[in-house]
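Listed below, chain by chain, are the residues.
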Amino acid sequence: VGKKLTDANWMAGIGLSLRAIGMWKEAIRFIAGARKTYEREKDKRGIAFSLWAEAGALRVAGDIARAIKKFNESKSIFSSAKDTSGVAYSLCGLGGTHRIAGKFKESLNYYKQANETFRNLKDKFGIAYSHCGIGNAYRMLCNYKDALRHFEKATSLYEEIGDVVSYSYTLWSLANVYKMKRDSVNARLYVKGALKNFKKTKDPRGIIYCDLTLGEIEFMEGRNSLAEKRLYSAMHNAGRHNFKLEKCHSQMLLNHMQGQGSGDNGRVSCYKRLGINLDFTGIPFNMP
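Thresholds applied
- Residues numbered from 1 in each chain as written.
- Predicted model: local features only at pLDDT ≥ 70, side-chain atom pairs only at ≥ 80, totals over all residues.
- Heavy atoms only, no water.
- Helix = DSSP H or I, 4+ residues; strand = E, 2+ residues; numbered from the N terminus.
- Buried < 20%, exposed > 50% of the residue type's maximum accessible area, 1.4 Å probe, protein only.
- Polar contact = N/O pair within 3.5 Å; in protein donor to acceptor, adjacent residues only side chain to side chain.
- Contact = heavy atoms within 4.5 Å.
- Expected span 1.5 Å × (residues − 1).

Visitor: So what's going on with the side chain of H98? Residues and values would help.
Guide: Mapped onto the elements of the fold, H98 is located in helix α5 (residues 84-100). According to the relative accessible area criterion, H98 is buried, its value standing at 8%. Looking at H98, its side chain comes within polar contact range of the main-chain oxygen of L94, at 2.8 Å. When residues no more than four places from it in sequence are discounted, the contact partners of H98 are I68, K103, F104, E106, S107 and Y110.

Take a look at the structure:
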């Protein structure tokens, strides 16, 4: 690998690290910089990888339509470069963004395709990642039995490879299955485990999601002031990082708790403004 490509790989790596701590604007800047070099050097895989990384940052930003577009671009370039692993990671990206967009069946489809590829490649992380995605798609389709089955597969693999961050998102997902089943004891147990890890890894999005879920659990248990405190904390942090989707979740939950119905009082809901086909149905809310 030449010096230029080494520098580009380094820039893309910094972009991914920034994305992980919620600094998505800066992440996109680094990743786009890396892509310019990949394009000059005609490095197909590098271009596809940088598109995949940028799509992930756009997803964090709540720009779901653009994220889907970039994941699709990334997938087709990986495909033309005959990079099956890259295609599978792009499929996972498409699975996640379609879930957020409210297209749960499509999400399930993308993750299942990815899972099959990862199993053929014997990619343990990919297998775990796609099992978590399949679990979340089933969770959104209210099929909690299959959701739990896939989450169990994901957690045991993540534990085996020692991936704390991905493991913690699976714990959060498990908490949400139990929250939807109104089993607040198990829901609280899993979400507390996830929160502890997110604080350790300084993952602001993870912390926000745990605050949202804990807020719902407190509300379901009748501790309204504690619930509101959690949600205001989530809303403040989402605003600070400019996470549009998480800010919308906080707003919907707070409006509901404060008796303002299910959202923006007849105005276009913040989900529709983000181009997302999600309906807020009250608490417990099956959050994508």
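Visitor: If you had to explain helix α3 (residues 44-61) to someone new, which residues and values would you point to?
Guide: The end-to-end C-alpha distance of α3, which contains 18 residues, comes to 26 Å, matching closely the 26 Å that a straight helix rising 1.5 Å per residue would cover. By the criterion of burial, α3 is predominantly enclosed, with 15 of the 18 residues buried. If you check the start of α3, you find a side-chain oxygen 3.2 Å away from the backbone N of R45, and it comes from D43. Positive backbone phi, at 90°, marks G62, one or two positions downstream of α3.

Visitor: So what's going on with unusual backbone geometry? Residues and values would help.
Guide: Between I283 and the following residue, P284, the backbone shows a cis peptide bond with an omega angle of 0°. Relative to the helices and strands, P284 resides in the segment after α14 (270-273). With a phi angle near 55°, K122 is a residue other than glycine that sits in the positive phi range. With respect to the helices, strands and loops of the structure, K122 is situated in the loop between α6 (104-121) and α7 (124-140). Classification of K122 by relative accessible area gives exposed; the value is 70%. Within the chain, C142 stands out as a residue other than glycine whose phi angle is a positive 65°. Structurally, C142 is set in the loop between α7 and α8 (144-161).

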